[in-house]
Structure formats: structure tokens, C-alpha cells
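These are the residues of each chain, in order.
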2 protein chains.
Amino acid sequence: MELEQNQLQKAVPYYEQLQQTLKTRIWNGLYKPGERIIEAQIAKELSISRSPVREAIRALINEGLLVTDEKSQIIVYEPSILDVKEIYECRIALESAAVALSAERITEEQVSDLEKILQETETAIKQGDKEGLVACNAKFHQYIIICSGNSRLKKLVDDLQSLTHFFRVINIEGPNRGETILKGHKEIFEAIKKRDPEQASRKLADHTREDLANIIQIIEQKGER
Amino acid sequence: MELEQNQLQKAVPYYEQLQQTLKTRIWNGLYKPGERIIEAQIAKELSISRSPVREAIRALINEGLLVTDEKSQIIVYEPSILDVKEIYECRIALESAAVALSAERITEEQVSDLEKILQETETAIKQGDKEGLVACNAKFHQYIIICSGNSRLKKLVDDLQSLTHFFRVINIEGPNRGETILKGHKEIFEAIKKRDPEQASRKLADHTREDLANIIQIIEQKGER
DNA sequence: AATTTATAACCTGTCGACAGCCGACATAAT
DNA sequence: ATTATGTCGGCTGTCGACAGGTTATAAATT
């Protein structure tokens, strides 16, 4: 039967589950940016000991979603404009290199997978499905990295991913964002399909810089109110 | 008086000290690649409890110097040729982006700092000081990242740094390596000095690819014996 | 001798406890 | 009233202990 698991999985340790839990709590704004996080408090809330909580927190610090201040207190990551710029510079460095590799190495099958993602994106836009759009956006970028065939590159991008998530959510705000993003993706896709690393790389960098500009504008706009 | 410290420093926690200790042990080959590492064992050896050891190990896993296998056993990182290639692709992506930024943003003072590093390198070569050469090489690359002014970019490169260390040591083996490396660095330096991001980026990528080719050759050579 | 079974040794994930440090609040001194 | 002193509570870093799952070792069976 379909539901059957063909292989038992070892119990997922608390600290891993917790890492996921905390991550979504942060993403969903349950913990506010700048808010202090306390090991013992979370441990008590979930009726587990501090050890797994500690490990989960350490992992999230590595992901950048939590930050330690001078007094080794732990607070939730607070995006700043400077930081957005830095993160996007990193993404451009990593992803434009990745897409160049992908354009060289991608298989026919992967090309059609990519195309499928673009179609999904189109559907999401038509239905006004914002969450779906964010997901498709992430999926497109992620799949390109996978096609590069470099697992370390993928890991580096994934590490940035937790932070990028914030901005992806912001990024779909603004006039005609869905269409603009899709257009950018299509151009990147075409360059990959033509196996033109140089162009793919440039298109991706342009596209990402455009995202960045949009995000900054929205943040500044919000700040004014 | 001069010796007076104007500010007390908080004690460095065990887990941080230990992280450093373990790192150098791995670098120095005290723990062999592929060798298994056991929390309790290290804890006992150093007469501390498992908690700080655990945290140090987790940190090193993040750096890539330790790896968990399927049974969540912990073993020392084992460089492979595929891996070297992947890591160097990542370095090229990150560092060539960084050097482009540096060429745009570098200050006069930083330019002369960089030049000083090149002079040190020259001295190290003349004196046949291999360790000094490795250090200078690392210093040069690192300082370029700093000049880019992007702290996240720096962190990403630093993360790779722990692994890169292995290969830097290998890289100075081979005929005329010191001179070749220095020549590459000088070219990069000149491009930065001219504030030519495009050229700096290209020179760095070429230089790094050359390092990679050399490293691979040496590794393969060793394998044959 | 080869294979199975039964123990024993080991390791990781988790727990509860304690010490030292820091800040908050309260109380005392000028 | 303001500054100084003292106490309390909270939080992090560290400790030792235990449970459950694995692996290795030794005994038993064929």
C-alpha cells in the first residue's frame, strides 16, 4: 500500500525536530526580530531538557536565524538593509557561478523539470497564490543549483536560504512582481537551454539585482510609515 | 602602566577552546582522515564533561572538518579529488566576486597593506620558509575578502577556509610553486590597484584554477606510489 | 571449523542539577 | 533625593547519570 514505509526510520532526535520547529516559528514571526530566546524557557515549554534545545539553537545560529550578542545572549535575527545587500551579493556570487555550471552540465530531463517549475509558477500567479509563488521562486533557484552538480555549492546556497526566505516573502509584494519575476526566470531558463553559460550567468545576476532593488524599496517604504 | 589591561576579558568557554584544539589536531594529522572521533573519549582525555565536547564537535561538523556517517558516527574529513574540485569551484565563485568588489571599494591604505603581504611572501620564498609561505598565501586571499567590505562573503569564505587549509599545504609542493603563486598574486594585485574589477576577477579565477590543477596533479601523483 | 547465540562493552541522545555571572529590585547610607 | 550596598532570581556553561540501540566478544551448537 502507498502509505507503507518500506524502511523504518530511526527516530528523529529532538534537537533536529526542534530546529525545524524553531525555524518556522521565526519565519512566521512568532518570535519577533530582535526578541531574546531563552533555552530554559523553550525546554520547559516543550517539557524536554535543555540539551537538545541548546543544540537546536546552536544550529540555528549557524544558519544565521539566531544571533549571539556580546553577553552571549541569543536573539532573533533582524534583517537590515545593509544585510540584505550583503546577502544578495553573496547569492549573486554563488548562484551566477552555479547557473554557468548548470548551463554546461544540465541534462535534457532536468531542462524539462525546470520548465515544469516555470509552468507551476505561471499557475500560481494566475490564481493569486502568494505562498505558492514564493515556493516556486525558491524551487526554481534551488533546482538550478542542483543542476550545477556541485554539492558544496548547493550547501553554501542552502545556508543562505534560511535568511533569503524572509526577503523572498517581501519580494513578491509590489506592483506586478509575479510577472516580473517570471519573466526573469524565463530569460534565465532560455539561456540555460541554449547552453550559454555566460548569458545565463549574466541574466541571473541581473534578475537577482532587480529582486534586491525591489526588496530594498519595499523595506524603505515600510520604514517611512 | 603598559601591561595593565583596560578591560577584563570573559573566560573563553571550553567548547570554543576545544574547537580550536581539535581543528589543529586534524590539520596536523593527529586525527587521520576517516578516523572515528568519540565524544566520551575526548572528554575523558581532557577531563571535562561531554557537553562542551559535543558542542565543539558540532561546530567542526559545520566547518566540514568532521563528518557524520549514516549511523551518526563522527569521522574525520577525508579529502577526495571530486571534493577538491567542488571546493575550488566554490572558492572561485566567492573570491572572484569578492575581488571585483574590492577593486571598486579598496582604500589606499589597504592597497599598501596588500603590497606588504606580497613582500612578506617574497621573503618567505627566499628563505625557503614553507610554513610562512602557506600563511602568506592564506593572508593574501583573506585580506582581499576583507577589502570587499562584505562580512557575509567573508564568513562564507572562512567556512571553506578550514578545508582549504589542507590543500594550501599540498599546493606549495611541486616545482617552483612559490614563484608561480607569487606571480599570480602580483597580477591580481595590479588589477586591484588599477581598480579594474573585471580583470581582477579574471586573474583571480585563473590563478585559483592553476592552484587547483597543481593540487590535483600532486594528489594523483601521490596516489600512484 | 563455521555459524549462531548470548553477553558485555560502548556510544549517542537526553536528563536533572549546580556554580558563576549579571541585572533588577530593595534597602541602607550620605 | 541620590548614591551605595545587599539580596534575589534568572540564564549560561558544565557536570555526572541513565536509557536505548549497536557493535564486538565470547560461548554454544551443529
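Look up a bit, the structure's there.
Quick summary incoming for the structure in this document. (Residues numbered from 1 in each chain as written. Chains lettered and ligands numbered in written order. Predicted model: local features only at pLDDT ≥ 70, side-chain atom pairs only at ≥ 80, totals over all residues. Heavy atoms only, no water.)

A closer look at the relation of the copies chain A and chain B
Stage number 1. If you rotate chain A by 180° and push it 0.1 Å along the axis, it lands on chain B with an RMSD of 0.1 Å. As the rotation angle and translation indicate, the two copies are arranged about a two-fold axis. Among all residues of chain A, the one whose C-alpha sits closest to the rotation axis is A:Ala93, at a distance of 2.8 Å.
Stage number 2. Most of the interface of chain A is mirrored in chain B, where 96% of its interface residues again form contacts. (Least-squares fit on C-alpha atoms with pLDDT ≥ 70 in both. Contact = heavy atoms within 4.5 Å.)

Some thoughts on the protein's contact with DNA strand D
Stage number 1. By nearness alone, 18 residues border DNA strand D, and A:Arg50, A:Arg54, B:Tyr14, B:Ser49 and B:Ser51 come closest of all.
Stage number 2. Here A:Arg58 contributes a side-chain N or O atom positioned 3.3 Å from a phosphate oxygen of DNA strand D.
Stage number 3. Mapped by element, the contributors of at least two residues to the surface near DNA strand D are β1 (36–37), α2 (39–46) and α3 (50–63) of chain A together with α1 (14–27) and α3 (50–63) of chain B.
Stage number 4. A per-class count over the surface near DNA strand D returns seven nonpolar, four polar and seven charged. (Near = heavy atom within 4 Å. Polar contact = N/O pair within 3.5 Å; in protein donor to acceptor, adjacent residues only side chain to side chain. Helix = DSSP H or I, 4+ residues; strand = E, 2+ residues; numbered from the N terminus. Nonpolar A, V, L, I, M, F, W, Y, C, P; charged D, E, K, R; others polar.)

Looking at the pattern of salt bridges
Residue and element names in this part refer to chain B.
Stage number 1. All told, the structure shown has 38 salt bridges over all chains when counted by the stated rule.
Stage number 2. Here Lys 186 and Glu 122 are joined by a salt bridge, their closest N and O atoms 3.6 Å apart. Linking Lys 186 in helix α8 (residues 177–193) with Glu 122 in helix α5 (residues 108–126), this pair joins segments that are 64 residues apart in sequence.
Stage number 3. For Lys 186, a relative accessible area of 35% puts it in the partly exposed group. (Salt bridge = Lys/Arg side-chain N within 4 Å of Asp/Glu carboxyl O. Buried < 20%, exposed > 50% of the residue type's maximum accessible area, 1.4 Å probe, protein only.)

Looking at the sheet that holds strand β3 (residues 74–76) of chain A
Residues and elements named next belong to chain A.
Stage number 1. Strands sit in the order β1-β3-β2 across an open sheet of three strands; the sheet is antiparallel. In this open sheet, the two edge strands, each paired with only one partner strand, are β1 and β2 (66–68).
Stage number 2. Pairing geometry for β2 and β3, over three bridges, is antiparallel. Paired with Thr 68 across the two strands is Ile 74, which belongs to β3.
Stage number 3. Helix-sheet contacts for α3 involve β1, β2 and β3, and the interaxial angle to β2 is about 95°. (Pairing = 2+ DSSP bridges. Axes fitted to C-alpha atoms, helices over the stretch in contact; angles between N-to-C directions.)

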